Amino acid sequence: YPNDMATSETITTVPADWMVIGNGDLVSNVQKGTERTVHWRMKQPHVTYLISLVAGPFDMGRDKWRDIDLWYVVPRGHQHLIEDSFGDTKDMLDFFSRVTGVVYPWPKYAQNAVWEFGGGMENVSSTTLGAESLTDRREGFRNMSGLNAHELAHQWFGDLVTCKDWGHIWLNESFATFFEAVYFEHARGPNAYAREIMNFTQSYIDESKRYQRPLATNRYPNGDSMFDSHAYPKGGVVLHTLRRFLGDPMFYAGIKYYLTKHRHEPVETSQFCRAMTEATGVNLEPFFDQWVYRPGHPVLDFDWSLEGGTVVMNIKQLQDTSKGIPIYDIQANVGIISGGKLTRYPVHLNQKEQTVRIPASAAEAVLLDPDHDFLREMRRNHEAKELAAIAEFAPNAFDRAAALQKHLATDAPGAVDLAIRLLDQDMGLHPVHENAQLLVQRRDERLRPFFRRQLAHPHIERRASAARGLIALAANSDDAKRLRDLVNEKEAYTVVTSVLWSLSPDDDLDVLQRAVKIPSKEAVIASTALAVLAKSKDPRGAAAIISAADAKEYDQRLAGLRNLGRLPISADIQRRLRTALGSTDQGVIEAALASIEANRDKSLIDALRAVKVPASAGWLKGRIDGLIREISG
């Protein structure tokens, strides 16, 4: 229960070649014969559900941040993923310590990646993470950063200060979600922050169509029910709303005061509200009343017209107020785009319907809340004539990207030229436009030079779009060579696999055979190459799959096993799949299931029924039972 705090220690004996990671300080680590005994002690009080023991055969990286020990713990054989998975931990510690005004409060920080564990858990000083989340740079730009930032933020919000009961769990989860986005803003810039806030908003709005509840409530059926898209993304956007309402200096001063005042204490929402009010001098009771203690969110629509030298806006709040959702009182902005720039005008929203008049001699587009300063659902679909101006001049990256997508979809004159210009200008590592798929779908020969340029983009998905764009065009010997050259050991996985799927299983046999040998996380490149080779008329294609299925290297073997089902059924293939089903390794079993699902070999039903599934892997038994039913019919 979240209000139960204590100090703790653990003494654990394990096989000598194992490691044990617990909370707090390492007191001793003694090997005696075939056993090892490890003693951990946490001297500071913490919630008891944050006690953790992680033990097993691990690889580990060690580092220091200031005087704090850092442990990066991964399953044995995955040492090579430590840098790309955890290399920004010290930057996160610097940033969170600075922005909260409270230095990281625990004696060490361990990040422990383990199998068969979903997501992450913020165990005090010793976070547990799913090993499936480990990443390398060819998958994307620090793909584990969001999860790592979320769990690290919990060391302040949820560990140092925690909610008193599950009805206030947003004080833990919303804060970790919000500070994950704030870290992205620091590390990747405002475009990334805007995208995070909008993704959080949409995730919550999707859930709100099923039910709505206050962020903080004493009425809930059980603790688990509170861990939803209200507690995580909605609360994260409400904190963003509070940040924009107060401004950064006052907001972060309030955060520091809250953490300092309630250090090592369980708290309720009213205490957070009071702390922020005391720190800022702003009465936040009205803010909390409409955003935290009541369900729902503003649902806005508007229309506008230019009358003489005035933009006349009719603004509506459409949310259903019959179940406690208020008419919101919000200090907002209207953005008017004219002459290649956006000008902001303050407006006060506080009625179900209201008309506002803004002096403006011209307007190409009008935006309500152009900076996304508060949580809202916007019903207005901008008119086609507004989209080009929004795509180029809106201040929010999400609005610009969405407007360009809609503008391209309208086939408006000049839309493609505008897209090429904006995307050519958008060449940063964290761009506004994350892909060029709508241009790819056009299969327009005039786009060939654009796609060639985009192959050099630092953003992985933009390069993948460029590759797919060239693939979609008529064959060209120069571009064929460009694409084949992308099948290498340095290029991003999604770029390489996009090219591999486009190759001929016979004409490009040499490239495909080479790709099978290219190392990649979970053998994603080899697996794709083998899937294409399965279509080859050359016997070397099938031989490559069988050779991979017999490989000693684990990921190569899984890639081969997954693709055996693409080959004609034979006694040799059946023997290999039976052997795999008899394994105690769930990864091997899953790979065999993928092949049986593909070839639907009824002769393997007895082997499927004989698979020994651990009690902890009910999901695997469910998949096997479903597969048996599927191929028996």
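Reading the values: rules and limits
Residues numbered from 1 in each chain as written. Predicted model: local features only at pLDDT ≥ 70, side-chain atom pairs only at ≥ 80, totals over all residues. Heavy atoms only, no water. Helix = DSSP H or I, 4+ residues; strand = E, 2+ residues; numbered from the N terminus. Rg over C-alpha atoms; globule rule 2.2 N^0.38 Å. Buried < 20%, exposed > 50% of the residue type's maximum accessible area, 1.4 Å probe, protein only. Contact = heavy atoms within 4.5 Å. Areas by Shrake-Rupley, 256 points an atom, 1.4 Å probe, with all protein chains shown as cover. Lys, Arg positive; Asp, Glu negative; His and termini not counted. Charge placed at Lys NZ, Arg CZ, Asp CG, Glu CD. 1 Å grid on protein atoms, 1.4 Å probe; cavity = no way out; pocket = protein on both sides within 12 Å on 5 of 7 lines; lining within 4 Å. Points joined across faces, edges and corners; volume = space filled by probe spheres on them. Nonpolar A, V, L, I, M, F, W, Y, C, P; charged D, E, K, R; others polar. Polar contact = N/O pair within 3.5 Å; in protein donor to acceptor, adjacent residues only side chain to side chain. Core = buried A, V, L, I, M, F, W, Y, C linked by side-chain atoms within 4.5 Å. Salt bridge = Lys/Arg side-chain N within 4 Å of Asp/Glu carboxyl O.

### Quick notes on the overall build of the protein
Move 1: Of regular secondary structure, the protein possesses 25 helices and 19 strands.
Move 2: Here the C-alpha radius of gyration of the protein, 28 Å, is about what a compact globule of 633 residues would show, namely 26 Å.
Move 3: Seen through its principal axes, the protein has C-alpha atoms that stretch 80 × 70 × 50 Å.
Move 4: Across the 633 residues in the protein, those meeting the buried criterion constitute 54%.
Move 5: In the protein, once contacts between residues fewer than 6 apart in sequence are set aside, the share between residues at least 24 apart is 66%.
Move 6: Accessible area of the protein: about 27100 Å², with a carbon and sulfur share of 50%.
Move 7: Across the protein, the mean location of the 75 positive side-chain charges is 2 Å away from that of the 81 negative side-chain charges.

### Re the layout of surface pockets
Move 1: In this model, the largest pocket occupies a volume close to 1000 Å³.
Move 2: The wall of the largest pocket is formed by 34 residues, among which Trp 115, Glu 522, Tyr 554, Asp 555 and Leu 558 lie closest to the centre.
Move 3: Taken together, the elements giving at least two residues each to the lining of the largest pocket come down to α21 (554–563), α23 (586–599) and α25 (618–632).
Move 4: A per-element tally of the lining of the largest pocket places α21 first, with five residues.
Move 5: Considering only residue class, the lining of the largest pocket consists of 12 nonpolar, seven polar and 15 charged.

### Brief notes about the side chain of Asp 508
Move 1: By the element assignment, Asp 508 lies in the loop between α17 (493–502) and α18 (509–516).
Move 2: A polar side-chain atom of Asp 508 sits 2.5 Å from a polar atom in the side chain of Arg 484.
Move 3: Non-local contacts of Asp 508, meaning those with residues more than four positions away in its chain, are made with Arg 484 and Leu 503.

### Comments concerning the nonpolar core
Burial of nonpolar side chains together is a common tendency in soluble globular proteins.
Move 1: One finds Phe 96, Trp 156, Trp 170, Phe 179, Phe 272 and Met 313 to be the most contacted residues of the largest nonpolar core, which totals 98 residues.
Move 2: Looking at this core element by element, the count peaks at 10 residues for helix α4 (residues 170–188).
Move 3: Among all residues touching Phe 179, those that are not within four sequence positions of it are Phe 96, Val 99, Thr 100, Ala 153, Phe 157, Tyr 252 and Ile 255.
Move 4: Residues Leu 455, Leu 509, Val 611 and Ala 617 belong to the second largest nonpolar core, which totals 86 residues.

### What about the pattern of salt bridges?
Move 1: Taken as a whole and judged by the stated rule, the model has 44 salt bridges.
Move 2: Taking the shortest distance from any N to any O, the salt bridge between Asp 485 and Lys 481 comes out at 2.8 Å. Remark: Lys 481 and Asp 485 occur in helix α16 (residues 477–485); sequence separation between them is four residues, near one turn of the helix.
Move 3: A relative accessible area of 52% means that Lys 481 is categorised as exposed.
Move 4: Between Asp 625 and Lys 621 there is a salt bridge, with its nearest N and O atoms 2.9 Å apart. Taken together, the residues span about one helical turn, with Asp 625 and Lys 621 both in helix α25 at a distance of four residues.
Move 5: Here the residues in one salt-bridge network are Glu 445, Arg 448, Arg 452, Asp 479 and Arg 482, joined through shared partners.

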